[in-house]
Amino acid sequence: MSVSPGVVITRDALSVFAGELFSSLPRVDQRRWAEVYLRGLLLVEGKKSVRRISEDILSLPAHQSLQQFINQSPWEWDQVRADLVRYIESAARPRAWVVSRAAIPKRGDRSVGVERRFLHEAGRVVNGQVGLIVSLAVPSANLPVNWRLLLSERWLSDQALRESAYIPDGIRANPEWTDFLEMLDELRCWSSGPAPVVGNLRHLHGAERLVAVLADRGTEFVFEVDGSVSLLDGAPQLQHTRASHPARSALRCAGSALEFLGGRRCSGYPPNASRQPLKIVSSTVKLVGGLDRGHGGPRSVRLLSELTAVGTPVRFWLTNLADHRVDEVLALSRLAERSETSVRVLEERFGLRDFEGRSFRGWHHHMTMVSAAYAFDQLG
């Protein structure tokens, strides 16, 4: 990457962005390769392999050095992600922090984290990796800023597999909801201020645990959940004759809660859709699985249930935004639905699926670079 004498280099907007974002990388050559890789993700057409990036951006056969930068170079992705959060927040105030997942199909079984698993989102068995994502919802898109690779016990208990993928000793197989909680904690350290947490948790095992812990912490949230989430009746017991119902205060799931809860019927409108009113019941429930609150008991939250024309509940949301109108809560929830679109754009335009390495470090480096490319495209 030497420059001939007399050549004047003009720093474009991408160079300025890269210079700020990768300032934490300790070596000059690392910062240079970071900019090359970022340019490749933004500018190279089709598959964004290391070889194509080096040839198209540098017109040099430098793919081995670029591969080493992504897969082996020991730069810290957490600091780059923290700087990316600050860049995004300086350009647009996030309306929400969005939790989601991305399935990344892979051939073979050698890449870190690859498993054959049934994915509810795809409705079939997929061979590949699953990435957990926390994104910042800005007006134009959900911008991923934090990633975790879902690792099974097989990958973490087999020493040969761990060593083949260079998985650090401290990495353990956690429930997904715990990983999401830790990712949100990391974002809290990076961000200048909190935002409501939203997401679709319909297929997340232990969803009620995540919701309950966030409620205990006072974190604002709106989560779509399925009808199996465990709840306690939280309606007042002194103002309604149903208080004597034998099921009151019994453990229920969201799908059957309306039989026992004195819900308040509201009208809400789905954002960006036809102005046909939804039939919504808003009820007070209590969460199971939160922190030990002594004699305070389980935390009360709001359950919104969408009903069909004949009164059958079909969708459910849990929120602690007690003073917000139903349409405001639904508008926040709708932000989570953009995650699928964002992942598809990352796949089609920014090389989400094009990482060719097998290492844990390389996967995190690549996802960090993909996130940076998308953020620059949207905000730069």
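Structure shown above.
Just so you know, these numbers come straight off a predicted model, no measurement behind them.

Each value, and the rule that gives it
Residues numbered from 1 in each chain as written. Predicted model: local features only at pLDDT ≥ 70, side-chain atom pairs only at ≥ 80, totals over all residues. Heavy atoms only, no water. Helix = DSSP H or I, 4+ residues; strand = E, 2+ residues; numbered from the N terminus. Buried < 20%, exposed > 50% of the residue type's maximum accessible area, 1.4 Å probe, protein only. Contact = heavy atoms within 4.5 Å. Areas by Shrake-Rupley, 256 points an atom, 1.4 Å probe, with all protein chains shown as cover. Polar contact = N/O pair within 3.5 Å; in protein donor to acceptor, adjacent residues only side chain to side chain. Pairing = 2+ DSSP bridges. 1 Å grid on protein atoms, 1.4 Å probe; cavity = no way out; pocket = protein on both sides within 12 Å on 5 of 7 lines; lining within 4 Å. Points joined across faces, edges and corners; volume = space filled by probe spheres on them.

1. Considerations on the overall build of the chain
Now for step 1: Across its full length, the chain carries twelve helices and twelve strands.
Now for step 2: Burial statistics for the chain: of 380 residues in total, 51% are counted as buried.
Now for step 3: For the chain, the share of sequence-separated contacts (at least 6 apart) that also reach a separation of at least 24 residues comes to 64%.
Now for step 4: Total accessible area on the chain stands at roughly 18300 Å², and carbon and sulfur atoms take up 49% of it.

2. Examining the environment of valine 138
Now for step 1: Examined against the element boundaries, valine 138 turns out to sit in the loop between strand 3 (124–137) and strand 4 (142–149).
Now for step 2: For the pair formed by valine 138 and proline 94, sequence separation is 44 residues and the distance between their alpha carbons is 4.8 Å.
Now for step 3: The residues touching valine 138, leaving out its near neighbours within four places in the chain, are Ile88, Ala92, Leu143 and Arg338.

3. Some details on the environment of valine 229
Now for step 1: Within the secondary structure layout, valine 229 lies in the loop between strand 6 (221–225) and strand 7 (230–233).
Now for step 2: With a relative accessible area of 4%, valine 229 lands in the buried category.
Now for step 3: Residues valine 229 and glutamate 208, spaced 21 residues apart in sequence, show a C-alpha to C-alpha distance of 6.2 Å.

4. Quick notes on the side chain of asparagine 146
Now for step 1: Residue position: asparagine 146 is located in strand 4.
Now for step 2: A polar atom in the side chain of asparagine 146 sits 3.3 Å from the backbone oxygen of methionine 183.
Now for step 3: Side-chain polar atoms of asparagine 146 contact the side chain of glutamate 186, separated by 2.8 Å.
Now for step 4: Once residues within four sequence positions are removed from consideration, asparagine 146 is found in contact with Arg81, Leu132, Ile133, Val134, Met183, Glu186 and Trp190.

5. Describing the pairing of strand 4
Now for step 1: Counting buried positions over the eight residues of strand 4 gives eight, a clear majority of the element.
Now for step 2: Of the pairings in the sheet, the one linking strand 3 to strand 4 comprises seven bridges and is antiparallel in character. Its bridge partner being in strand 4, glycine 131 is matched across the sheet by leucine 149.
Now for step 3: If you look at the hairpin formed by strand 3 and strand 4, you'll find four residues sitting between the two strands.

6. Overview of the layout of surface pockets
Now for step 1: Put simply, the largest pocket is a space of about 890 Å³.
Now for step 2: What lines the largest pocket is a set of 32 residues, among which Ser100, Arg101, Ala102, Glu121 and Glu340 lie closest to the centre.
Now for step 3: For the lining of the largest pocket, the elements supplying multiple residues, two or more each, are strand 1 (96–105), strand 3, helix 8 (176–190), strand 5 (197–200), strand 12 (313–319), helix 10 (326–336) and helix 11 (338–349).
Now for step 4: Sort the elements by how many residues they give to the lining of the largest pocket and strand 1 lands first, with six residues.

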